[in-house]
Amino acid sequence: MAIEDHDYGELFSFILKEKAIQTVFQPIISLHSGQIYGYEALSRGPANTVLQNPEMLFDYALKNGQLWELENLCRANALKCAYDLEAEGKLFLNVNPNIMNDPKFKQGFTKEYLSKFHMDADSIVFEITERESINNLKDFINTIDHYKNQLYQIAVDDVGAGYSGLNVITDVRPHYMKLDMKLIRDIDRDRTKQLLVSSLSEFANYSQINIIAEGIETKEELSTLIDIGVHFGQGYFIQKPASQLYPVREEVKTFIKAEVSRKNRVSRNRLTDTSIEQIATPLNTISSQMPISKVSNLMETNDLLPGFCIQDGNKLIGVITRNKLHLKFSGPYGYSLYNKKPISTIMSRNYMKVDAETPIDVVAKIAMRRDPLHLYDFITVTKDDQYFGVVTVKDLLEKSMQLEIDYAKHLNPLSELPGNLMIEQQLQSCIDADTDMTVLYFDIDNFKPYNDVYGFEKGDKVIMHLAEVIERCCPPDGFVGHIGGDDFLLITEASKSKQLCEEIIQQFDASVEQFYHAQDFLKGHIVTKNRHGIEESFPLLTISIAGVSNKNTQSIYDLSELASQIKKQCKQIPGSTYILQSPVVLL
């Protein structure tokens with residue numbers, strides 16, 4: 001029965017008066033290491049009552065104008081419980097966006113208030129949901145900026161659950177995006193969800209936003225999210241919400257590490273996947289209390305120093321660049337004004353920070369999109385959320401150019417896909433892999449007669465189109481190479497190969513009409529001379545796919561020989577077709 005059909009006033013009054021709220025915590029973990037990154041605090045009403053359900057509890061408070069009182073109680077209890085349980089990492093607190101504008105909320109979250117729980121502002125993440133309509137957007141954005149300036153962090157919750165999420169993200173510019181569980185459910189079997197989450201993940205990387213997947217319930221969902229590159233995750237498969245804090249199960253951590261290792265094995269030879277960690281330079285950090293004059297002296301002793309990263313205890317809280325320091329000291333009163341002040345008074349709290357695993361090409365794109373004033377500031381690199389080192393723009397651009405040149409040398413000039421050298425490297429990695437992999441070989445049927453009738457320029461367009469289809473369907477952890485001519489290769493997990501073949505065939509067959517004159521397409525064939533000079537009818541373009549397993553295969557030559565045999569079988573079958581076959585050991 002709907003909640004409005006009952007009056008739970010007495011029960012609700014009891015909850016507020018007796019502070020009868022239970023706080024449970026659900027861990028948010030790194031999908032790279034399996035380590036706990038933080039906890040989301042969730043509130044429940046008294047056990048064995050109808051208001052134990054959080055949705056009913058908060059709905060009742062909203063309808064009766066007591067949302068502020070309830071939320072305030074929930075936050076206070078969450079902070080106390082987190083303190084009592086010695087919770088480490090970030091604490092994610094759900095907040096109605098309209099409540100944040102309330103002066104009482106601002107007064108509640110003061111340094112003094114947090115200090116009694118031994119917490120800093122940068123350990124608190126306010127989770128705002130896109131499902132709540134924001135009454136006054138301008139005031140809300142000003143409020144968000146106020147909290148950001150106080151070092152609180154912001155997460156947009158339920159991304160993908162409604163239709164206004166992208167507007168909220170662009171207006172708020174949060175530190176985190178939490179993907180709604182409906183996007184995550186069965187993502188391993190839903191190509192559309194995979195593409196959408198991949199796009200959001202790429203956007204998050206370029207925008208320096210951390211992305212968190214909610215509601216992970218199966219091993220397969222977790223594996224797919226790791227392949228896509230989602231940063232963090234939470235859900236019942238990882239751990240259910242509980243009133244106590246428990247370590248992540250070893251089987252979950254082991255699974256994550258194995259999946260990350262598998263993903264890295266597949267992609268380790270891609271030049272564009274070189275991580276920023278490889279060119280990061282360790283640079284000593286300085287204390288936030290160091291006098292500016294001493295920082296200036298340190299700069300003068302080494303002209304190569306781009307600046308310093310600044311720490312408060314073990315926390316990285318800002319940076320100071322050489323240019324900004326000189327700017328502050330310039331002018332007739334600059335030195336006397338800043339000489340004795342701590343470096344924290346002039347440091348930048350907003351600076352470019354990337355994880356050590358981020359590919360160099362991604363870092364370069366992010367760096368070049370900064371505003372002109374900060375375009376050449378150094379980049380701070382972290383590993384497992386701890387300071388690791390810095391990269392200058394000069395080193396970044398030099399390495400990017402070197403990688404681009406090296407990479408271009410080994411691309412097929414027509415499709416710009418990896419050519420034979422990189423294909424051989426990937427095939428060897430595939431043979432050496434412990435996991436079950438499949439190598440799919442693609443060949444266009446009746447391609448030579450098509451070229452004879454329509455010409456090489458049209459033929460090249462067909463080749464390009466097939467390349468686009470294969471790339472579009474390829475999983476995030478897969479590899480696509482162009483052997484030459486109309487021959488392509490795709491390396492993927494064995495479990496994904498059947499679905500991939502069917503998807504690629506469906507897309508190619510559905511689009512082949514565009515490459516024919518109407519009369520030829522309607523006839524279903526073209527007429528041209530065969531290799532013996534005799535006119536013959538040839539069917540429309542189709543594709544043959546030969547799938548070979550990496551198991552029991554000793555060499556690249558074995559793979560190629562077996563693929564050639566399977567491809568011949570494919571070509572005996574009319575229309576686009578595929579055959580997936582485990583190899584036999586060639587003696």
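First things first, this report covers the structure right here in the doc. (Residues numbered from 1 in each chain as written. Predicted model: local features only at pLDDT ≥ 70, side-chain atom pairs only at ≥ 80, totals over all residues. Heavy atoms only, no water.)

### A closer look at the overall build of the chain
- Looking only at helices and strands, one finds 22 helices and 21 strands in the chain.
- Viewed in the frame of its principal axes, the chain has a C-alpha envelope of about 90 × 75 × 50 Å.
- By residue count, 49% of the 587 residues in the chain fall in the buried class.
- Here the contacts in the chain between residues at least 6 apart in sequence split such that 69% fall between residues at least 24 apart.
- Accessible surface, the chain: about 29300 Å² in total, of which carbon and sulfur atoms supply 50%.
- Distance from the positive charge centre (60 side chains) to the negative charge centre (79 side chains) of the chain: 4 Å. (Helix = DSSP H or I, 4+ residues; strand = E, 2+ residues; numbered from the N terminus. Buried < 20%, exposed > 50% of the residue type's maximum accessible area, 1.4 Å probe, protein only. Contact = heavy atoms within 4.5 Å. Areas by Shrake-Rupley, 256 points an atom, 1.4 Å probe, with all protein chains shown as cover. Lys, Arg positive; Asp, Glu negative; His and termini not counted. Charge placed at Lys NZ, Arg CZ, Asp CG, Glu CD.)

### Looking at helix H10 (residues 219–228)
- In terms of residue burial, H10 counts as a mostly covered element, since 8 of its 10 residues are buried.
- Residues of H10 that are buried include every one of Glu221, Leu222, Ser223, Thr224, Leu225, Ile226, Asp227 and Ile228, and no others.
- Count one or two residues on from H10 and you reach Gly229, which has phi positive near 105 degrees.

### Some details on the packing of aromatic side chains
- Applying the stated criterion to the full structure yields 15 aromatic pairs.
- Note on Phe105 and Tyr147: the rings are 5.5 Å apart at their centroids and 90 degrees apart in plane angle, and the pair reads as edge-to-face. Taken together, the residues Phe105 in helix H4 (residues 103–108) and Tyr147 in helix H6 (residues 137–149) connect sequence positions 42 residues apart.
- Taking the relative accessible area as the measure of exposure, Phe105 reaches 1% and is therefore buried. (Phe/Tyr/Trp six-rings, centres within 6.5 Å; stacked < 30°, edge-to-face > 60°.)

### Quick notes on the sheet that holds strand E14 (residues 386–391)
- Read across the open sheet, the 3 strands follow the order E12-E13-E14; overall the sheet is mixed. For this open sheet the edge positions go to strand E12 (353–355) and E14, each flanked by a neighbour on one side alone. For this sheet, the mean angle separating the axes of adjacent strands, direction not counted, is 35 degrees. (Pairing = 2+ DSSP bridges. Axes fitted to C-alpha atoms, helices over the stretch in contact; angles between N-to-C directions.)

### Some words on the sheet that holds strand E9 (residues 286–287)
- Strands sit in the order E9-E10-E11 across an open sheet of 3 strands; the sheet is mixed. Of all strands in the sheet, those with a lone pairing partner are E9 and strand E11 (315–321), marking the two edges.
- Taken together, the 6 bridges between strand E10 (residues 307–312) and E11 define a ladder with antiparallel strand orientation. Bridging from a neighbouring strand, Ile310 pairs with Gly318 of E11.
- Each of E9, E10 and E11 is contacted by helix H12 (residues 292–301), which is oriented at about 145 degrees to E10, the strand it contacts most.
- Contacts between helix H13 (residues 322–329) and the sheet are confined to E10 and E11, with E11 contributing the most and set at about 65 degrees to the helix.

### Details of the packing of helix H2 (residues 54–63) against helix H3 (residues 67–84)
- Interhelical geometry of H2 versus H3 gives an angle of 140 degrees and a closest axis separation of 7 Å. As the angle between them shows, H2 and H3 are arranged oblique. On H3, the residues touching Leu57, Phe58, Ala61 and Leu62 of H2 are Leu67, Leu70, Glu71 and Cys74.
- Of the residues in the contact of H2 with H3, the class split is 7 nonpolar, no polar and 1 charged. (Parallel < 35°, antiparallel > 145°, perpendicular 65-115°, else oblique. Nonpolar A, V, L, I, M, F, W, Y, C, P; charged D, E, K, R; others polar.)

### Observations regarding helix H20 (residues 494–511)
- For H20, which comprises 18 residues, the first-to-last C-alpha distance of 27 Å matches the rise-based estimate of 26 Å (1.5 Å per residue) to within 8%.
- At Leu500, H20 shows its strongest bend, of approximately 25 degrees.
- Among all positions in H20, only Ser497, Leu500, Cys501, Glu503, Ile504, Ile505, Phe508 and Ser511 are buried.
- Buried-residue contacts for H20 involve helix H9 (191–206), strand E15 (437–445), helix H19 (456–473), strand E17 (487–493), strand E20 (542–549) and strand E21 (577–581). (Expected span 1.5 Å × (residues − 1). Bend = angle between axes of the 7 residues up to and from the residue.)

### Quick word on the layout of surface pockets
- In this model, the second largest pocket occupies a volume close to 1300 Å³.
- Every element with two or more residues in the lining of the second largest pocket is listed here: strand E2 (36–44), H2, H3, strand E3 (90–95), strand E4 (124–129), strand E5 (153–159) and helix H8 (181–184).
- Grouping the amino acids of the lining of the second largest pocket by side-chain chemistry returns 14 nonpolar, 9 polar and 15 charged. (1 Å grid on protein atoms, 1.4 Å probe; cavity = no way out; pocket = protein on both sides within 12 Å on 5 of 7 lines; lining within 4 Å. Points joined across faces, edges and corners; volume = space filled by probe spheres on them.)

### Structural notes on the pattern of salt bridges
- Per the stated rule, a full pass over the model turns up 26 salt bridges.
- Taking the shortest distance from any N to any O, the salt bridge between Glu277 and Lys383 comes out at 2.7 Å. Of this pair, Glu277 sits in the loop between helix H11 (250–267) and E9 while Lys383 is found in strand E13 (residues 379–383), placing the two residues 106 residues apart along the sequence.
- Among the residues examined, Glu277 registers a relative accessible area of 23% and is labelled partly exposed. (Salt bridge = Lys/Arg side-chain N within 4 Å of Asp/Glu carboxyl O.)

### Section: the environment of Thr528
- Among the structural elements, Thr528 can be located in strand E18 (residues 525–529).
- A relative accessible area of 12% places Thr528 in the buried class.
- Separated by 79 residues in sequence, Thr528 and Pro449 have C-alpha atoms that sit 6.5 Å apart.
- Dropping the residues within four chain positions of it, Thr528 is found in contact with Pro449, Asp452, Val453, Ile534, Glu535, Glu536 and Phe538.

### What to know about the pairing of E15
- The buried fraction of E15 is high, at 9 of 9 residues.
- Burial along E15 is two-sided: Met437, Val439, Tyr441, Asp443 and Asp445 and Thr438, Leu440, Phe442 and Ile444, pointing in opposite directions, are all buried.
- Pairing geometry for E15 and E17, over 7 bridges, is antiparallel. Its bridge partner being in E17, Tyr441 is matched across the sheet by Leu489.
- Two strands pair when backbone bridges link them, and E15 and E20 are joined in this way by 8 bridges, in the antiparallel orientation. Residue pairing across strands places Phe442 opposite Ile545, the latter belonging to E20.

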